[in-house]
Amino acid sequence: MKASIVAAATGHGRSIHRIWIYDSGAGCSIIGRSYITDSERASEEPTYARYFLTAHGKVTCTSTAKCYVPHLGIRRCYILDNDCSPLLSVGEDVSDYGNVFYWDVAGPVIET
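So, how was this worked out
- Residues numbered from 1 in each chain as written.
- Predicted model: local features only at pLDDT ≥ 70, side-chain atom pairs only at ≥ 80, totals over all residues.
- Heavy atoms only, no water.
- Core = buried A, V, L, I, M, F, W, Y, C linked by side-chain atoms within 4.5 Å.
- Buried < 20%, exposed > 50% of the residue type's maximum accessible area, 1.4 Å probe, protein only.
- Helix = DSSP H or I, 4+ residues; strand = E, 2+ residues; numbered from the N terminus.
- Contact = heavy atoms within 4.5 Å.
- Polar contact = N/O pair within 3.5 Å; in protein donor to acceptor, adjacent residues only side chain to side chain.
- Pairing = 2+ DSSP bridges.
- Phe/Tyr/Trp six-rings, centres within 6.5 Å; stacked < 30°, edge-to-face > 60°.
- Lys NZ or Arg CZ within 6 Å of the ring centre and 35° of its normal.
- pLDDT = per-residue confidence, 0-100.
- Salt bridge = Lys/Arg side-chain N within 4 Å of Asp/Glu carboxyl O.

All right, on to the nonpolar core then. Trp20, Tyr22, Ile31, Ile36, Ala65, Cys67, Val69, Leu72, Cys77, Ile79, Leu88 and Val90 form the largest nonpolar core, which has 12 residues in total. When residues of this core are traced back to their parent elements, those giving at least two are β2 (14-23), β5 (57-69) and β6 (73-80). Ranked by the residues each element gives to this core, the list is headed by β5, at three residues. Excluding anything up to four places from it in sequence, Ala65 contacts Glu40, Ser43, Glu44, Arg75, Arg76, Cys77 and Ile79.

Attention shifts here to the side chain of Ser43. Secondary-structure assignment places Ser43 in the loop between α1 (38-42) and β4 (45-54). Of note is the side chain of Ser43, whose polar atom sits 2.6 Å from the backbone oxygen of Glu40. Non-local contacts of Ser43, meaning those with residues more than four positions away in its chain, are made with Thr64, Ala65, Lys66 and Arg76.

Now for the pairing of strand β8 (residues 100-104). Direction of pairing for β8 relative to strand β9 (residues 107-111): antiparallel, over a ladder of five bridges. From the neighbouring strand, Phe101 faces β9, where its bridge partner is Ile110. As consecutive antiparallel partners, β8 and β9 are separated by two residues.

Applying the stated criterion across every chain, the model contains two aromatic pairs. With a centroid separation of 5.9 Å and an interplanar angle of 65°, the aromatic rings of Tyr22 and Phe101 are classed as edge-to-face. With Tyr22 in strand β2 and Phe101 in strand β8, this residue pair connects regions lying 79 residues apart in the sequence. A relative accessible area of 1% places Tyr22 in the buried class. Across the ring face of Tyr51, the terminal group of Lys58 is positioned such that the distance to the ring centre comes to 4.9 Å. The side chain of Arg75 reaches across the aromatic face of Tyr97, ending 3.8 Å from its centre.

Mapped onto the elements, Ser29 comes out in the loop between β2 and β3 (30-32). A polar atom in the side chain of Ser29 sits 3.1 Å from the backbone nitrogen of Ser89. Looking at Ser29, its side chain comes within polar contact range of the side chain of Glu92, at 2.9 Å. Every residue in contact with Ser29, bar those within four places of it in the chain, is listed here: Arg76, Cys77, Tyr78, Leu87, Leu88, Ser89 and Glu92.

So, about the confidence of the model for the protein chain. Per-residue confidence for the protein chain gives a mean pLDDT of 86, with 87% of residues at or over 70. In the model of the protein chain, strand β1 (residues 2-11) stands out as the element of lowest mean pLDDT, 49, in contrast to β6, which has the highest, 95.

This paragraph deals with the pattern of salt bridges. By the definition in use, this model includes six salt bridges. Note that Arg18 is salt-bridged to Glu40, the shortest N-O span being 2.6 Å. Separated by 22 residues along the polypeptide, Arg18 in strand β2 and Glu40 in helix α1 bring together distant segments of the chain. Residues Arg18 and Glu40 agree in their burial class; the two are buried. Of the charged contacts, one joins Asp38 and Arg41 as a salt bridge, the two residues approaching to 3.5 Å between their closest N and O atoms.

In structure tokens form, the structure reads like this:
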């Protein structure tokens with residue numbers, strides 16, 4: 001299941017329009033470097049090398065940042081050096097942040 005969260009992110013005068021993909025098959029939350037704001041970039045921290053298989057092929061990640069997600073708050077995301085769309089892991093959101101995710105007749109529901 002993929003759902004989208006659309007919002008403009010702002011940071012120190014730089015506005016970025018980004019669409020977050022809420023992915024039930026993703027193991028962690030990721031974002032391309034071109035999608036992070038200046039204030040999110042300031043929160044960047046090194047992490048152990050992690051490898052991802054993306055549409056761009058195998059990508060190595062060595063840093064994370066605290067990213068603002070509308071309606072959900074701050075999420076730690078792995079930063080990829082390509083144009084990877086912002087993607088949130090449903091599994092992380094449930095296990096790490098205590099959100100509830102389920103389907104009803106109208107579609108997906110996220111309870112925070």
